[in-house]
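# Coordinate analysis (summary)
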Amino acid sequence: MIAAYSMKDKTVALFGLGGSGIATAQAVVAGGARVVAWDDNPESVSRARNAGIETGDLRQTDWKQFSSFILSPGVPLTHPRPHWTVDLAKAAGVEVIGDVELFTRERNLARTNSPFIAITGTNGKSTTTALIAHIIKTSGRDMQLGGNIGTAVMTLQPPADERYYVVECSSYQIDLAPSLNPTAGILLNLTPDHLDRHGTMQHYAEIKERLVAGSQTAIIAVDDSFCAAIADRLERTGKPVIRISKRMPIRDGYFAEGPDLFHAANGTITKVASLACIGSLRGEHNAQNALAAFAACRSVGLSNEDINTGLRTFPGLAHRMEQVAKLGKTLFVNDSKATNADAAAPALSSFPRIYWIAGGLAKEGGIASLSGFFPRIAKAYLIGEAAPQFAATLGEAARYEISGTIDAAVEHAARDAASDGAAEPVVLLSPACASFDQFQNFEKRGETFRSAVLALAGASPIGGL
């Protein structure tokens, strides 16, 4: 745990008592402060009380006693309207912050040489975060991984010399972290997302920009207009900016040509890595992730050799183009995290011959936007409620069957792929749908796929996820 000594001898309000909220409350108490915590869910309040945290209804509390208000990032700060606690805090002149802000203050207070890499973007955050963490850990360094990727940041080990922090940051967390100042800040991309919580695309982009604006070195992928404008704007202020691109050469920075990664500086272009034989990093989107990781790791002192060792051994993330098994020539890939058409596009773009398992609870627009990939589909195996709709969209553009369930789809796809003459036919679960018609979440869906694949006679597991 990181004790929040920056709050010592103060009284702090806290709202949101999920796992990270309880961890944050405990960190504040450990730092010598008093915390008064609350949640709209009585069960969460009871759980916190049982964990020894002081609770109190913040509607009935005198806010003048509080120096700070710590808000869960899952609670609306501004849109569609501020949560009632935010209104009370602002009326009392109390600052509103989150756990990433607490972490930032503790790291600043400790005055240690602890490199801090923060990652944000609409897509690819988790893979890039996990890849950077893997590279640093593989190099033998002390690495702490947390934030939006699933580990509450205040539960990490305290700042210390040569302790490296790798933290994934959502827009909600950035919005609650005004002092955020990573050693290297990464902005991967910006597309419309979470506008219900941020109001407009412009406001969403402004929040994301804060992470790189506060960093010592800003690493920005410039393949979309929003990020390109941010890179130009920060450079004009004198901020050190490293541009990366998965699609075009960069005069100064890092870029990809197919699976090869290059560094451009002072008119010299040097090949620094190749992803050609790294199955967990297939596709243009993973080239971007690897470019960001390379730039960030170099900026905090790792060598090219350190980074390449980490790239070659990266196992990938579960349910994100996860290589599950091989059966003869056939590769089985679990991309259950693809819960809409846009999320399925990277996987469909990464393989030339696909036996595609798709369907579930359809999102608006279905799979019409994926029509450009239909020539890659050897056959589709449609599951869940969306099966009839997806069948109508596929029409005569690709062969399909309505399999109904993942178990049936895996069995039939494996049989058909086995007779394919391609060098590496791929059975791909990339549903382009929510999972809730048949599964509790996308993780359960992916686990069902993985189990069905590994139950096939002769299937050889890949990796150690």
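As the structure is a computational prediction, the values presented were derived from the model and not from experiment.

A few words on the sheet that holds strand S5 (residues 116-120). In spatial order, the strands read S6-S7-S5-S8-S9-S10-S11-S12-S13; together these 9 strands make up an open sheet with mixed pairing. The sheet terminates laterally at strand S6 (142-147) and strand S13 (268-274), the two strands that pair on one side only. The average angle at which neighbouring strand axes cross in this sheet is 20°, direction not considered. Looking at chain direction, S5 and strand S7 (residues 163-168) are connected through 4 bridges and run parallel. Within S7, the position partnered with Ile 119 by the bridge is Glu 168. Packing of helix H5 (residues 125-138) onto the sheet brings it into contact with S5, S6, S7 and strand S8 (184-187), and relative to S7 it is tilted by some 170°.

The next subject is helix H3 (residues 84-91). Along H3, the positions that sit buried rather than exposed are Trp 84, Thr 85, Val 86 and Ala 89. Check the buried side of H3 and you find it contacts strand S1 (11-15), strand S2 (34-38), strand S3 (68-71) and strand S4 (95-97). Positive backbone phi, approximately 75°, marks Gly 93, located one or two places after H3.

One finds Val 28, Leu 58, Phe 69, Leu 71 and Ile 220 to be the most contacted residues of the largest nonpolar core, which totals 69 residues. No other element matches helix H8 (residues 201-213), which puts 6 residues into this core. Beyond its immediate sequence surroundings of up to four residues, Phe 69 is in contact with Ala 13, Leu 14, Phe 15, Leu 58, Trp 63, Thr 85, Val 86, Ala 89, Val 94, Glu 95, Val 96 and Ile 97. Counting residues in hydrophobic clusters, the runner-up holds 41 residues, among them Ile 132, Ile 186, Ala 256 and Ala 273.

The strand order across the open sheet formed by 7 strands is S19-S18-S16-S20-S15-S14-S22, and the pairing between neighbours is mixed. Sheet topology places strand S19 (400-404) and strand S22 (460-461) at the edges, where each strand pairs with a single neighbour. Pairing of strand S14 (residues 322-327) with S22 involves 2 bridges; the strand directions are antiparallel. By the bridge assignment, Lys 326 is partnered in S22 with Ser 460. Its contacts with the sheet put helix H14 (residues 406-418) on strand S15 (330-334), strand S16 (354-359), strand S18 (377-383), S19 and strand S20 (426-429), and the angle it makes with S18 is roughly 165°. Running over the sheet, helix H15 (residues 442-454) touches S14, S15, S16, S20 and S22 and is turned about 15° from S14.

For the rest of this paragraph, the subject is the pairing of S3. Residues Ser 68 and Ile 70 of S3 are buried on one face, and the alternating residues Phe 69 and Leu 71, pointing to the opposite face, are buried as well. By the bridge criterion, 3 bridges tie S3 to S4 in an arrangement that is parallel. Counterpart to Ser 68 in the pairing with S4 is Glu 95. For the crossover from S3 across H3 to S4, the handedness is right-handed.

It is worth spelling out the packing of aromatic side chains at this point. Per the stated rule, a full pass over the model turns up 8 aromatic pairs. Centroid distance Phe 103 to Phe 116: 5.0 Å. Interplanar angle 80°. Geometry classified as edge-to-face. Here Phe 116 lies in strand S5 and Phe 103 lies in helix H4 (residues 99-110), a separation of 13 residues in the sequence. By relative accessible area, which is 0% here, Phe 103 ends up buried.

We now examine H5. Residues separated by three or four positions in an α-helix point in the same direction, a consequence of the helix having 3.6 residues per turn. For H5, which comprises 14 residues, the first-to-last C-alpha distance of 20 Å matches the rise-based estimate of 20 Å (1.5 Å per residue) to within 8%. Here H5 lies mainly inside the structure; 11 of its 14 residues are buried. The positive-phi residue at the C-terminal boundary of H5 is Gly 140, with phi of around 90°.

This brings us to the pattern of salt bridges. Between side chains of opposite charge, pairing is possible as soon as their charged atoms come close. Per the stated rule, a full pass over the model turns up 19 salt bridges. Between Glu 101 and Arg 105 there is a salt bridge; the shortest N-O distance is 2.8 Å. Residue Glu 101 and its partner Arg 105 are located together in helix H4, separated by 4 residues, close to a single helical turn. Taking relative accessible area as the criterion, Arg 105 reaches 22% and is therefore assigned partly exposed. Via salt bridges that share partners, Lys 379, Glu 401, Arg 415 and Asp 416 belong to a single interconnected network.

The subject of this paragraph is the side chain of Thr 217. In this structure, Thr 217 sits in strand S9 (residues 217-221). Looking at Thr 217, the relative accessible area reads 18%, which means it is buried. Every residue in contact with Thr 217, bar those within four places of it in the chain, is listed here: Thr 183, Ala 184, Gly 185, Pro 240 and Ile 242.

Here is what the cut-offs are and how they apply
Residues numbered from 1 in each chain as written. Predicted model: local features only at pLDDT ≥ 70, side-chain atom pairs only at ≥ 80, totals over all residues. Heavy atoms only, no water. Pairing = 2+ DSSP bridges. Helix = DSSP H or I, 4+ residues; strand = E, 2+ residues; numbered from the N terminus. Axes fitted to C-alpha atoms, helices over the stretch in contact; angles between N-to-C directions. Contact = heavy atoms within 4.5 Å. Buried < 20%, exposed > 50% of the residue type's maximum accessible area, 1.4 Å probe, protein only. Core = buried A, V, L, I, M, F, W, Y, C linked by side-chain atoms within 4.5 Å. Right-handed = clockwise from strand over helix to strand, strands pointing away. Phe/Tyr/Trp six-rings, centres within 6.5 Å; stacked < 30°, edge-to-face > 60°. Expected span 1.5 Å × (residues − 1). Salt bridge = Lys/Arg side-chain N within 4 Å of Asp/Glu carboxyl O.

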